Amino acid sequence: MDSSLLFGFSMIAYILASAMYLAGLLFKAPRFNLAGTCLTIGGVAMHSLATLLRWQETHQVGSGHAPLTNMYESLVFFALCTALLYLFLEYRYKMRGLGAFILPIAALIMAYASFSPRIDDSIKPLIPALQSNWLIAHVVTCFIGYGAFAIAGALGLMYLLKKRGTQQGEQRENGLLPSLTSIDELIYKTLIFGFLWLSAGIITGAIWANEAWGTYWSWDPKETWSIITWFLYALTLHARFTRGWSGTRIAWLSLVGFATVLFTYFGVNFFLSGLHSYGAS
Amino acid sequence: MTTKQKNSLIDFLASVQLALFLLFLLSTTAIIGTLIPQHAQPVLYSQQYGPAAARFIQLLDIDDMYNSWWFLSLLTLFAINLIVCSADRLPRVIRLLKRDNLATTREQLERFSLQRAIDSPLPCDEQLGQLRSIFKEHGWKAQERHTESGAVLLFAQKTPWSRFGVYLVHASILIILVGAVVGSPAFARKVLKNSDFAYKGFVMLPERAFTDHVIAIRQNQPINLGFMLRCDQFHIEFYDNGMPKTYRSQVTVLEQGQEVLRTEIEVNKPLRYKGVTFYQSSYQPYQNYEIQLKKQPDGVTSTQIIPPAQETLWEAGGISYGIINRERQGEITRRVKLWLHDGEGEASQLWVEMGKEVVIERPSGQYLLNIKQMYATGLQAAKDPGVWLVYLGCLLMLVGLFAAFFLSHRKLFAHVQEKGPGCRLLFAGTANKNKVQFGHVFTRMADKLEQR
């Protein structure tokens with residue numbers, strides 16, 4: 001048994017879970033959602049196991065390192081964070097309807113990591129710049145934040161769709177989808193959670209940069225885009241806290257925020273050049 | 001300025017609208033510098049964007065936009081906004097926290113959204129005892145006061161300081177900005193007129209060479225270190241697949257000719273000495289080689305630095321040697337083919353890896369040989385006296401964000417008054433955030449009170 005096989009199984013589990021949650025939503029049948037939850041739990045378990053296994057496999061090519069060092073590994077970890085945070089939300093707020101919006105993200109990320117020709121999934125030893133304990137702190141904090149923002153984006157989409165549905169007078173008051181106010185509240189909660197982790201991610205990155213390059217901030221495109229993301233979410237939170245923005249506006253901002261996260265993550269690697277090019281292949 | 005104008009200016013600077021506008025402006029303008037190359041030659045801009053656009057780029061310092069007057073002005077305005085806004089709102093929070101909660105009346109408590117009135121058959125004293133123990137069980141430290149009407153008010157609160165969380169975040173941003181200014185080479189050069197105070201420099205130091213200065217990046221001015229740094233050796237190690245594994249410089253610090261510190265610098269393991277930090281940043285391979293030889297059993301030794309394809313005579317060892325072939329990866333030599341002859345029989349020819357000792361058996365004796373390519377190590381040197389302020393700011397920001405988002409100022413009140421043989425109890429609570437969650441806590445405690 002090797003890690004890539006297990007990652008493949010977890011991807012299949014997420015795809016099936018997405019199908020179940022979507023079926024639950026369309027047919028208004030809670031038992032599909034229960035199947036979705038079971039599949040997600042199974043997927044997360046295999047996914048975690050695969051991550052540990054890959055960690056062990058890195059010892060065969062070098063001195064061993066946490067599997068968080070290139071685009072493939074970060075994508076896979078991004079999916080894990082998203083799925084894990086989703087399970088926590090489902091458990092905490094008992095809203096299974098969210099799965100139909102969030103699990104497809106995890107499934108999509110895993111599929112992209114596995115099948116895209118630009119993504120190299122081979123295990124390579126660590127170049128000197130990456131040999132630091134800050135690597136783990138930086139990548140883990142960032143991707144917990146990204147996972148939360150992915151969920152906030154999905155919730156934003158869910159809010160806008162549901163709102164449009166109710167405006168068009170559709171009588172699909174779906175018991176599985178939370179009320180607009182609960183979605184709004186949940187968007188806010190995931191945003192503040194993500195913001196705290198994004199801040200920690202930027203800070204650990206700055207400390208690491210100072211340890212490795214002698215400067216904690218050099219306005220490198222990756223750094224700049226991360227602070228742009230931070231400004232944007234700071235703006236969103238202030239608009240909500242002090243100007244009373246909620247509902248549709250915050251839902252849109254959570255979508256725009258997630259688009260910025262995606263550009264910080266992929267766009268910078270693919271379109272802009274800079275110091276932070278480890279994640280590019 | 002009249003007072004009215006002054007007030008409206010302060011209101012503007014304290015306003016959240018300004019904060020939102022600045023956040024929007026900072027995030028959108030910051031994009032420019034990620035699209036247009038920074039610090040490139042002026043020629044490049046006119047080639048890439050045409051002369052008119054290039055003039056515009058020069059005019060607005062877009063080639064160095066994060067240090068341009070307009071971007072720094074935006075950041076300054078942002079800092080002023082943070083200060084004025086916090087100074088404007090902080091007194092209100094302090095007043096709120098200083099309020100005498102034990103002076104709250106029953107009528108006021110009756111207007112709380114979380115409240116439960118309970119008629120208890122227990123005498124007041126016993127009821128109070130129960131209240132105290134329930135407060136204690138749930139981790140609430142209660143204060144008490146007897147009111148004039150003979151009633152007793154119990155009050156307890158949790159994390160009142162969390163109301164400062166958001167101001168802690170604001171302060172942390174200011175601390176980070178101050179730290180960035182203090183550590184900025186431009187500030188040291190232009191304002192303090194002392195470029196030794198903070199700088200970013202670079203030195204390319206050949207093995208065995210000393211330096212007492214580094215070259216400031218971009219200004220190309222020498223900056224004195226105040227001590228000497230010597231590179232003893234530079235090593236590169238590779239993984240089996242050819243990827244670089246380690247870049248390591250062995251260095252010695254000298255003060256007035258005396259060795260004071262011998263250490264190694266690697267990527268991610270800088271050397272800190274007297275406020276200067278040295279980072280492994282690059283290297284330069286030279287096309288010559290240090291050859292160490294030792295002849296056994298005589299014990300004579302020799303160390304020579306030689307170029308390839310040159311015969312060298314070592315008289316004391318009684319041999320001639322030279323490098324006749326090399327296996328290279330770019331400028332880095334992985335191994336060399338060595339020719340060695342002591343005048344008896346056939347000459348030895350063998351491939352030798354860099355840094356690996358080999359033994360050559362010759363009729364005249366045994367030769368221990370070690371070959372190493374010569375390098376210069378590229379070290380970055382930084383002096384940043386503001387970095388600790390930046391780190392402090394970062395820490396405070398995380399604490400502040402946590403307090404602002406996840407802690408709430410929660411208050412519980414219990415008003416107890418005699419009523420016949422029993423007593424009348426009003427239990428009330430309030431929280432400034434996470435109200436739903438606090439509502440559950442309140443209900444649980446109220447249920448407990450009612451059941452007893």
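Provided above is the structure to which this section pertains.
Residues numbered from 1 in each chain as written. Chains lettered and ligands numbered in written order. Predicted model: local features only at pLDDT ≥ 70, side-chain atom pairs only at ≥ 80, totals over all residues. Heavy atoms only, no water.

Trainee: When you look at the sheet that holds strand β1 (residues 114-120) of chain B in this model, what are you seeing that I'm missing?
Mentor: To summarise the sheet geometry, strands pair through backbone hydrogen bonds and adopt either a parallel or an antiparallel arrangement. All names here are of chain B. With antiparallel pairing, five strands are arranged side by side in an open sheet as β1-β19-β18-β3-β2. The outermost strands of the open sheet, each flanked by one partner alone, are β1 and β2 (143-146). Between one strand and the next, the sheet's axes are offset by a mean angle of 15 degrees, whatever the strand orientation. With four bridges joining them, β2 and strand β3 (residues 152-158) adopt antiparallel strand pairing. Looking across to β3, one finds that Q143 is bridged to F155. Together, β1, β2, β3, β18 (410-419) and β19 (422-431) form the strand contacts of helix α7 (residues 124-137), whose direction differs from that of β18 by roughly 165 degrees. Along the sheet face, helix α11 (residues 435-451) touches β1, β18 and β19 and points at about 0 degrees away from the line of β1. (Pairing = 2+ DSSP bridges. Helix = DSSP H or I, 4+ residues; strand = E, 2+ residues; numbered from the N terminus. Axes fitted to C-alpha atoms, helices over the stretch in contact; angles between N-to-C directions. Contact = heavy atoms within 4.5 Å.)

Trainee: What am I meant to see in the interface of chain A and chain B here?
Mentor: Often, the extent of an interface is quoted as the loss of accessible area upon association of its parts. Taken together, the contacts link 44 residues of chain A with 44 residues of chain B. Here chain A meets chain B over a buried area of about 4,000 Å², counting both sides, of which 71% is carbon and sulfur. Here chain A and chain B share one salt bridge between them. Residues R272 of chain B and E211 of chain A are paired through a salt bridge, measuring 2.7 Å at the closest nitrogen-oxygen approach. Linking chain A with chain B are 12 residue pairs in polar contact (both at pLDDT 80 or more). Breaking the side of chain A that touches chain B down by element, the ones donating at least two residues are α6 (180-213) and α7 (221-243) of chain A. (Buried area = accessible area lost by both parts, 1.4 Å probe. Salt bridge = Lys/Arg side-chain N within 4 Å of Asp/Glu carboxyl O. Polar contact = N/O pair within 3.5 Å; in protein donor to acceptor, adjacent residues only side chain to side chain.)

Trainee: Got a minute to help me understand the packing of aromatic side chains in this structure?
Mentor: Geometry of an aromatic ring pair is reported as the spacing of the ring centres plus the angle between the planes. Summed over the entire model, instances satisfying the criterion amount to 41 aromatic pairs over all chains. When the ring of Y146 of chain A is compared with that of Y265 of chain A, the centres are 5.8 Å apart and the planes differ by 50 degrees; the resulting orientation is tilted. A residue pair is termed long-range when its members are at least 10 positions apart, and Y146 of chain A in helix α5 (residues 134-167) and Y265 of chain A in helix α8 (residues 248-271) qualify at 119 residues. Comparing Y146 of chain A with Y265 of chain A shows no difference in burial state: the two are buried. Seen from their ring centres, F402 of chain B and F406 of chain B are 5.6 Å apart, and the 40 degrees between their planes marks the pair as tilted. Linking F402 of chain B with F406 of chain B, this pair stays in helix α10 (residues 387-406), spanning four residues, or about one helical turn. (Phe/Tyr/Trp six-rings, centres within 6.5 Å; stacked < 30°, edge-to-face > 60°. Buried < 20%, exposed > 50% of the residue type's maximum accessible area, 1.4 Å probe, protein only.)

Trainee: Sorry, what's going on with the pairing of strand β15 (residues 348-353) of chain B here?
Mentor: Along any regular strand the residues' side chains alternate between the sheet's two faces. Residues and elements named next belong to chain B. In terms of strand pairing, strand β14 (residues 332-341) meets β15 through six bridges, oriented antiparallel. Bridged to W339 within β15 is Q349. Here β14 hands over to β15 after six residues, with G343 in that stretch at a positive phi of 85 degrees.

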